[in-house]
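The lines below spell out each chain.
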Amino acid sequence: GACARSKMAASMELSLEVLPSDPLLLILSFLDFRDLISCSYVSRRLHELSNHNPLWKTHCQKYWLLTESDKAQRNQSWKSLFREVYADLGRYIEHYATLKQAWDNLKKYLDQKCPRMIVSLKEGVKEEELDAVEAQIGCKLANDYRCSFRIHNGQKLVVPGLMGSMALSNHYRSEDLLDIETAAGGFQQRKGMRQCLPLTFCFHTGLSQYMALESVEGRNCNEIFYHCPVRAYRMR
């Protein structure tokens, strides 16, 4: 009796090798890309299943907003495409999709309302260029800020500016979004503006929006503000 029951239990044991692929693929579809990679090291069967193209298509669309057209142009599997983009933009994986979508939406709007402004947008910079800027100014840039420059490096200094324009009878204002090189050139270390990086510039008023790169002089790290001469005078 006991021996027979033991043999029956052994015969009923399930293993990954005998389970059908569809339910396993369904389970894998709920995993994040990191967990999917981990599963590929568990067994040969899971390694094969975790390379399933539709699984990686989902991650390519979620994190990098890649399309079938992008895949066709590069002639790669979805997993290879994911790994290639991750090697370049992996540090921004929590920000990239949101910022890329925001830039795409902005360009669609500009295409309808102000097409000439699209021409002023600069191509994104490379990782080494952002590293060089950090070394130049001696401060770290926020990851989401860096990520935006990887997509578009600000705009050419033109009018109208991307960051808003306003025209009144006696006042005109139009702020350009600075490229990272110009911004680094205007990095401030004087009293009242220490460790502050300009983000925008208005030709008409000479005003800029700044971002504090460190928590100093009463400002929080990554706080964005307009420079106020009155406040600067009081801090002297």
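Read on for a plain summary of the structure. As the structure is a prediction and not an experimental result, all values here were calculated from the model.

Some words on the overall build of the chain
- Regarding its fold elements, the chain presents 13 helices and 8 strands.
- For the chain, with 236 residues in total, the buried portion stands at 39%.
- Within the chain, contacts between residues at least 6 apart in sequence are counted, and of these 51% link residues at least 24 apart.
- Working note: accessible area of the chain is about 14,100 Å², and carbon and sulfur atoms make up 54% of it.

Structural notes on the side chain of T200
- Considering the arrangement of structural elements, one finds T200 in strand β6 (residues 200-202).
- Among the polar contacts listed, one links the side chain of T200 to the side chain of E175, at a separation of 2.4 Å.
- Sequence-distant contacts of T200, that is, excluding residues within four places in its chain, are made with M163, E175, D176, L178, L207, S208 and Q209.

A few points about the environment of K156
- Along the chain, K156 falls in the loop between β2 (152-155) and β3 (165-168).
- Once the C-alpha coordinates of K156 and K122 are considered, the two residues, 34 residues apart in sequence, prove to be 6.9 Å apart.
- Setting aside residues no more than four positions away along its own chain, K156 makes contact with V119, S120, K122 and D176.

Let's talk about the pattern of salt bridges
- The tally for this structure, following the rule as stated, stands at 14 salt bridges.
- For E84, the salt bridge is made with R74, and the minimal N-O distance between the two is 2.7 Å. Pair noted here: E84 is in helix α7 (residues 78-89) and R74 is in helix α6 (residues 68-74), with a separation of 10 residues, a long-range link.
- With relative accessibility at 39%, the residue E84 sits in the partly exposed group.
- The salt bridge partner of D88 is R150, with a shortest N-O separation of 2.9 Å. With D88 in helix α7 and R150 in helix α11 (residues 143-151), the pair connects residues that are 62 residues apart, well separated along the chain.
- Through salt bridges with shared partners, one network takes in D88, R91, E127, D131, E134, K140, R146 and R150.

Here we look at the nonpolar core
- Membership of the largest hydrophobic core comes to 49 residues, with the highest contact counts inside it found for W64, F82, I137, L141, Y145, I180 and L213.
- When residues no more than four places from it in sequence are discounted, the contact partners of I180 are V125, L130, V133, L141, Y145, F149 and N153.
- Judged by nonpolar contacts, the second largest core, of 5 residues, contains M193, C196, Y210 and F225.

Quick notes on a nonpolar patch on the surface
- A grouping of L157, V159 and F203 is seen on the molecular surface, where their side chains present a nonpolar patch of about 250 Å² in accessible area.
- With respect to the helices, strands and loops of the structure, L157 is situated in the loop between β2 and β3.

Concerning the side chain of D179
- Its place among the elements puts D179 in the loop between β4 (171-177) and α12 (180-185).
- At 2.6 Å, the side chain of D179 and the side chain of K122 are in polar contact.

A short note on the packing of helix α8 (residues 96-113) against α11
- Direction vectors running N to C along α8 and α11 enclose 50°, while the axes themselves pass 10 Å from each other. With respect to their mutual orientation, α8 and α11 come out oblique. For the pair α8 and α11, the crossing hand works out as right-handed. Across from Y96, L99, K100 and W103 in α8, the residues of α11 making contact are D144, C147, S148 and I151.
- The residue makeup of the contact of α8 with α11, split by class, is 5 nonpolar, 1 polar and 2 charged.

Thresholds applied
Residues numbered from 1 in each chain as written. Predicted model: local features only at pLDDT ≥ 70, side-chain atom pairs only at ≥ 80, totals over all residues. Heavy atoms only, no water. Helix = DSSP H or I, 4+ residues; strand = E, 2+ residues; numbered from the N terminus. Buried < 20%, exposed > 50% of the residue type's maximum accessible area, 1.4 Å probe, protein only. Contact = heavy atoms within 4.5 Å. Areas by Shrake-Rupley, 256 points an atom, 1.4 Å probe, with all protein chains shown as cover. Polar contact = N/O pair within 3.5 Å; in protein donor to acceptor, adjacent residues only side chain to side chain. Salt bridge = Lys/Arg side-chain N within 4 Å of Asp/Glu carboxyl O. Core = buried A, V, L, I, M, F, W, Y, C linked by side-chain atoms within 4.5 Å. Patch = residues over 30% accessible without salt bridge, like charges linked within 9 Å, V, L, I, M, F, W, Y side chains within 5 Å. Axes fitted to C-alpha atoms, helices over the stretch in contact; angles between N-to-C directions. Parallel < 35°, antiparallel > 145°, perpendicular 65-115°, else oblique. Left-handed = near helix turned anticlockwise from the far one by under 90°. Nonpolar A, V, L, I, M, F, W, Y, C, P; charged D, E, K, R; others polar.

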